[in-house]
Amino acid sequence: MKLTINQVTRSYKGKKAVDDVTCELTPGVYGLIGPNGAGKTTLMRMLADVLKPTEGEITLNGESIRVLDDRYRDLIGYLPQDCGFYSYFTASKFLRYMAALKGMGRREADRRIDELLDLMNLREQKHQRIGKFSGGMKQRLGIAQALLNDPKILILDEPTAGLDPKERIRFRNLLSDLAGDRIVIVSTHIISDMESMAKEVLLLKEGRLVKKEEPEEILKELDGKVWQLSAKADELPELTRRYLVGRVQRKGDGLKARVISKEAPIGSASRETPQLEDIYLYYFGDSPESED
Ligand SMILES: Nc1ncnc2c1ncn2[C@@H]1O[C@H](COP(=O)(O)OP(=O)(O)OP(=O)(O)O)[C@@H](O)[C@H]1O
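From a predicted model like this one, the values you see are computed outputs, not experimental measurements.

How each quantity is defined
- Residues numbered from 1 in each chain as written.
- Predicted model: local features only at pLDDT ≥ 70, side-chain atom pairs only at ≥ 80, totals over all residues.
- Heavy atoms only, no water.
- Salt bridge = Lys/Arg side-chain N within 4 Å of Asp/Glu carboxyl O.
- Helix = DSSP H or I, 4+ residues; strand = E, 2+ residues; numbered from the N terminus.
- Buried < 20%, exposed > 50% of the residue type's maximum accessible area, 1.4 Å probe, protein only.
- Contact = heavy atoms within 4.5 Å.
- Expected span 1.5 Å × (residues − 1).

What to know about the pattern of salt bridges
Here's step 1: By the definition in use, this model includes 24 salt bridges.
Here's step 2: Across the pair glutamate 115 and arginine 112 runs a salt bridge whose closest N-O atoms are separated by 2.6 Å. Note that glutamate 115 and arginine 112 are positioned in helix α5 (residues 106–119) at a spacing of 3 residues, about one turn of the helix.
Here's step 3: Judged by its relative accessible area of 14%, arginine 112 is buried.
Here's step 4: One connected set of salt bridges, linked through shared partners, spans Asp49, Arg66, Asp69, Asp70 and Arg73.

Quick look at the structure:
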């Protein structure tokens, strides 16, 4: 299975939200990463076939998804960023409704719904109204609906938003299990979520695909450039002027900062092993949302 994004551009009133993106996706997990407004949602909506590219096309095994039409949509599961729930529906009613929209038979749907409620740890909430759900529960229900038709292509727009750290670990493991013969595309601000499981990371900046590489390869770029340094608290402005400064921990009138620099930075500094969050800082010049 090969999903190809071929010179795809999407403009809104002449402004390019996605700008000439070309890449090929095969089974495995892809992490789509970029700051707010980078074009992640727009690209995912085009992959989910709910939005048409202004230019270029998306093909599955060489056939345009516009031509494949329902044959393509039958293969996809999509968690939109804002998964418009009906708050007066119960979890099971909502999933039944979504299953019906996907053309699933009642018996098949009921079996699958129980399976998914178990998988997403929502069994106890089966008959609860969605209006009473926490953000994390709603998110897990959204993931469940995306999995209803056992999709071969799974598109998840910020699936970890609203999940607590424990739920996130569960979700990461679930994705790794699901990957197998599926193409899974996940957008996230929490880049560390992708470190252990993404086959490749796609960095999107101002609509352009600036990098598509295995996490290990991307990390090599920063070998020897990540440092941990100790400094006085009042030296922080000078540090941020000279270096890309990531996580800062303050202690009394001192601080510890993670910085990216080609040369050894001032003061006492030790080299650190690069992590994906350093890559985020390196490419986007800003600290990503932290994990804790
Ligand atoms: N329906 C729309 N009409 C006009 N402009 C839009 C529309 N949807 C997106 N845009 C613009 O396109 C750009 C990319 O938006 P998009 O939502 O795809 O980014 P994103 O990377 O998903 O951001 P976020 O992380 O905030 O969700 C932004 O500048 C946004 O304002």
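Structure's up, so let's keep going.
Observations concerning the environment of glutamine 125
Here's step 1: Mapped onto the elements of the fold, glutamine 125 is located in the loop between α5 and α6 (135–147).
Here's step 2: C-alpha of glutamine 125 to C-alpha of arginine 247: the two residues are 122 residues apart in sequence and 38 Å apart in space.
Here's step 3: If we skip the residues at most four places from it in the chain, glutamine 125 touches Ala91, Phe133 and Met137.

Quick notes on α6
Here's step 1: Helix length check: α6 (13 residues) gives 19 Å between terminal C-alpha atoms against 18 Å at 1.5 Å per residue, within 8%.
Here's step 2: Burial within α6 is extensive, with 11 of its 13 residues counted as buried.
Here's step 3: All of the buried residues along α6 are Gly136, Met137, Gln139, Arg140, Leu141, Gly142, Ile143, Ala144, Gln145, Ala146 and Leu147.
Here's step 4: For α6, the elements touching its buried residues are β6 (76–79), α4 (91–101), α5, β7 (153–157) and α7 (165–179).

Things to note about unusual backbone geometry
Here's step 1: Here the phi dihedral of asparagine 61 falls at roughly 45°; this positive angle occurs in a residue that is not glycine.
Here's step 2: Tracing the sequence through the fold places asparagine 61 in the loop between β4 (55–60) and β5 (63–64).
Here's step 3: Look at glutamate 158: it is not a glycine, yet its phi comes out positive at around 50°.
Here's step 4: Counting through the fold element by element, glutamate 158 comes out in the loop between β7 and α7.

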